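The residues making up each chain are set out below.
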2 protein chains.
Amino acid sequence: MLDIKVTKTTHPKEKPQDESKLGFGKQFSDHMFLMDYTAGEGWHDARIVPYGPWEMDPATTVFHYAQEIFEGMKAYRTADGKIQLFRPDCNANRFNDSADRLGMPPIPPEDFVQAVKALVDVDRDWVPHSDGASLYIRPFCIATDVGLGVHAAKHYRFAIICAPSGAYYAEGLDPVRIYVEDEYIRAAPGLTGFTKCGGNYAASIKAGELAEERGFSQVLWLDGVEKKYVEEVGSMNIMFKIDGEIYTAPCVGTVLPGVTRRSIIELLKDWGYKVHEERVAIADIMKAADEGKLEEVFGTGTAAVVSPVKELDWEGKVAHISGGHIGELTQKLYDTLTGIQWGKLPDTKGWIVPVE
Amino acid sequence: MLDIKVTKTTHPKEKPQDESKLGFGKQFSDHMFLMDYTAGEGWHDARIVPYGPWEMDPATTVFHYAQEIFEGMKAYRTADGKIQLFRPDCNANRFNDSADRLGMPPIPPEDFVQAVKALVDVDRDWVPHSDGASLYIRPFCIATDVGLGVHAAKHYRFAIICAPSGAYYAEGLDPVRIYVEDEYIRAAPGLTGFTKCGGNYAASIKAGELAEERGFSQVLWLDGVEKKYVEEVGSMNIMFKIDGEIYTAPCVGTVLPGVTRRSIIELLKDWGYKVHEERVAIADIMKAADEGKLEEVFGTGTAAVVSPVKELDWEGKVAHISGGHIGELTQKLYDTLTGIQWGKLPDTKGWIVPVE
Ligand SMILES: Cc1ncc(COP(=O)(O)O)c(C=O)c1O
Ligand SMILES: Cc1ncc(COP(=O)(O)O)c(C=O)c1O
């Protein structure tokens, strides 16, 4: 149990007037949670303070060796004004898996969740009211040693900031075009694919920009060894409905274990679907499309919940999916998950954590 | 040609009294070079200012997505008091290769070198005097957008800081024990191994720490696909002298093209050695050791120049090299390269750039 010292701002910012213009991660709430780590002493000085800049020495580890990890989650406002989180324990545990791989200190999951709840409580008026909008929560940790030696740092800062963010689908669930990346990779066994470390995202930017220039919304990554098996999309896991059954890459070190992925798999199994968490070759996906068996394709992630895919482009071949429309199952998953998250459907799974 | 505005410190720091206690990258000189980039406008505000902290918003890109690259080079003081650099154009070009892969803006190589020279000139009194000590120069660039979207940033800061650093071998060239890493990897084709991006180093920290706990000084990375071929060491390239010929991994995307590696290859060729820049299986290295043909092994890098290896441990097998002593060729390379760098030997290659 953290002893969190709260210092409230004396200059509250004006809240966004027009929630339809929120976008993603552009403005931040009034406060932030901070906690520092010193080797030998552990985590200390848990505090909520007014959001504001940090003084950083140019020789700080994080600027040079990218010892940095993050999480992404949301707070939702229900129709009756309650504020709630979705499976924050999953983010807390994944954060620690990232920390372990990057040589960084873990945070007790209950402290992590406590910190998130405490900050969202202080900034609860920042949770948007409009349909589909939410408060995006960004816990992250950076190495704060000052010096240029390459080794695990002895000082870290853990922070949580919050950004009121707009509905991902301002104009309804719009199916996207995905480029299957065959030159660059995102991960390989023995590297950091299963973590949310900054370096994974830095390495992915170039392929994303090139795909965007060609009119695609994201890239689909193939495995780093054979460039043969589908892994995940820029910031989503990906699932394929083929001949009535669901296929998605297994989380065995190279793929981020998405909280949405995991929740959707549970729902699908409840509904009687057969879910294969196994390697699927992109060639087999394209073949299924040719044969008319590729029924639905969708990304899964906190930002979009589900993102229907209407087109996959791989080595000059194009797979068109669901006639360019959102599939029936994709829609049902979206309705169910957002229903639970925004409190319109009962939480029979124990996934919801209220912020009281 | 940059127009560099110089603002000198009014509070110069005390210079290190005891150069034998300098260590590496722990203290910094009086000034730093800064330059900012804005999309559409390019690089602007080149300036040398007193070394000091930066105000950074917690939502700055570099803290989350590790869009950051760096270089490492040195300024040397000659016996007659001149200050000189070693092949700074190589660092400038490698910096731009890193920038391109990470979706960051390049810097004209002549501007890069101009900036390094200008800063070293201002802080020339910080270049150490004692044998083997030098001024370590760290140019780096970080993404400075404020916001959480994952894409190439539109704002960057390029900085150069300088750290007077001690002789790498305070007590002579001490051969090291190297652990051949068979679980974690550092790079794979399609990733960022050939760049000096922060993420490469973050991903390598855990293996380095584990090896250190077991009494090794660094890990030797194998290729990321088959874990079969030798690539490089923590912060050095590596070379093997087998039966009179030299073998080192080719620089084909997964290995950092070291400036020291390149210079040593030139010297070796001048001296009539056959140098194979090709993939070598670790199994073949161990076999050569068994057969008494593995004559010398050494790392190459700016920090150590050359680092003799006395032991390689791979899957429980141990190769002992040169009877635990520095090899003859390793010593000759060290003497020649440091001779050129510190101005004790003539620069017949045009590698030296004076700071006037
Ligand atoms: C690379 C990557 N894959 C998958 C996901 C989906 O994970 P989650 O469902 O936990 O949001 C994310 C991010 O959020 C991601 O960054
Ligand atoms: C991973 C890695 N390999 C090799 C080297 C050697 O390169 P250079 O000789 O340019 O210093 C370095 C660093 O300096 C490095 O970080």
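Please read these numbers as outputs of a predicted model, since none were measured by experiment. (Residues numbered from 1 in each chain as written. Chains lettered and ligands numbered in written order. Predicted model: local features only at pLDDT ≥ 70, side-chain atom pairs only at ≥ 80, totals over all residues. Heavy atoms only, no water.)

1. Digging into the pattern of salt bridges
Once their charged atoms are close, side chains differing in charge can pair, the charge on each being opposite to the other. Keep this limit in mind: Each reported salt bridge corresponds to a side-chain nitrogen of Lys or Arg within 4 Å of a carboxyl oxygen of Asp or Glu. The numbering of helices and of strands both runs from the N terminus, where a helix is a DSSP run of H or I of at least 4 residues and a strand a run of E of at least 2. The rule is simple: take the accessible area with a 1.4 Å probe, protein chains only, and divide by the maximum for that residue type; under 20% is buried, over 50% is exposed, in between is partly exposed.
What the rule picks out here adds up to 40 salt bridges over all chains. The partner of Glu-266 of chain A in a salt bridge is Lys-349 of chain A, with the nearest N and O atoms 3.5 Å apart. Here Glu-266 of chain A, found in helix α5 (residues 259-270), pairs with Lys-349 of chain A, found in the loop between α7 (328-341) and β19 (352-355); they are 83 residues apart in sequence, far enough to count as distant. Using a relative accessible area of 25% as the deciding quantity, one classes Lys-349 of chain A as partly exposed. In this structure, the salt-bridge partner of Asp-36 of chain B is Arg-157 of chain B, at a minimum N-O distance of 3.0 Å. Within this pair, whereas Asp-36 of chain B is found in strand β2 (residues 31-38), its partner Arg-157 of chain B is found in strand β9 (residues 155-165), the two being separated by 121 residues in sequence. Each member of the pair, Asp-36 of chain B together with Arg-157 of chain B, is buried. One network of salt bridges, in which partners are shared, links Arg-87, Glu-266, Asp-270 and Lys-349 of chain A.

2. Here we look at the relation of the copies chain B and chain A
Threshold: Least squares is the method for superposing the copies, and the C-alpha atoms it fits come from residues with pLDDT of at least 70 in both. A contact between two residues is defined here by any heavy atoms of the two lying within 4.5 Å.
In screw terms, the move from chain B to chain A is a rotation of 180° and a rise of 0.0 Å along the axis, fitting with an RMSD of 0.0 Å. Such a combination of turn and shift is consistent with a two-fold rotation axis. Minimal C-alpha separation from the rotation axis in chain B is found for Gly-199 of chain B, amounting to 2.0 Å. Comparing contact sets, 100% of the residues at the interface of chain B also lie at the interface in chain A, consistent with an isologous, same-surface contact.

3. What to know about helix α5 (residues 259-270) of chain B
Rules: Helix span is expected to be 1.5 Å times the residue number reduced by one.
Taking 1.5 Å per residue, 12 residues should reach 16 Å; α5 of chain B reaches 17 Å between its end C-alpha atoms and fits that length. Three or more residues of α5 of chain B are buried, namely Val-259, Thr-260, Arg-261, Ser-263, Ile-264, Ile-265, Leu-267 and Leu-268 of chain B.

4. Re the domain arrangement of chain A
Residue and element names in this part refer to chain A. Rules: Bear in mind that the domain bounds are from an automatic or database domain assignment. As a working definition, buried area equals the accessible area (1.4 Å probe) given up by two parts on being put together, with both sides summed.
Partitioning chain A into domains gives domain 1 (5-165) and domain 2 (176-341). Put simply, the middle of domain 1 and the middle of domain 2, counted by C-alpha atoms, are 27 Å apart. Tallying the contact residues gives 18 residues for domain 1 and 21 residues for domain 2. The contact between domain 1 and domain 2 buries some 1,800 Å² in all, and 59% of this surface belongs to carbon and sulfur atoms. Linking domain 1 with domain 2 are 1 salt bridge. Between Arg-87 and Glu-266 there is a salt bridge, with its nearest N and O atoms 3.5 Å apart.

5. A short note on the pairing of strand β2 (residues 31-38) of chain A
Residue and element names in this part refer to chain A. As a reminder, the rule being used: At least two bridges found by DSSP between two strands are what make those strands a pair.
When you tally the buried positions in β2, you get 8 out of 8 residues, the bulk of the element. Residues His-31, Phe-33, Met-35 and Tyr-37 line one face of β2 and the alternating positions Met-32, Leu-34, Asp-36 and Thr-38 line the opposite face, and both faces are buried. For β2 and strand β3 (residues 42-50), the ladder comprises 7 bridges, and the chain directions are antiparallel. Within β3, the residue paired with Tyr-37 across the bridge is Trp-43. If you look at the hairpin formed by β2 and β3, you'll find 3 residues sitting between the two strands, and Gly-40 has a positive phi there, around 90°. Where β2 meets strand β9 (residues 155-165), 6 bridges bridge the pair, whose relative direction is antiparallel. Each residue of the ladder has a partner; that of Tyr-37, found in β9, is Tyr-156.

6. Points about the nonpolar core
Note on soluble globular proteins: their nonpolar side chains tend to be buried together. Rules: What we call a nonpolar core is a set of buried Ala, Val, Leu, Ile, Met, Phe, Trp, Tyr and Cys residues that are connected through their side-chain atoms within 4.5 Å.
The biggest cluster of nonpolar side chains holds 86 residues, and the ones touching the most others in it are Phe-33 and Phe-158 of chain A together with Phe-33, Val-120 and Phe-158 of chain B. Those residues in contact with Phe-33 of chain B that sit more than four places away from it in its chain are Leu-2, Ile-4, Ala-46, Arg-47, Ile-48, Ala-115, Leu-119, Phe-158, Ala-159 and Ile-160 of chain B.

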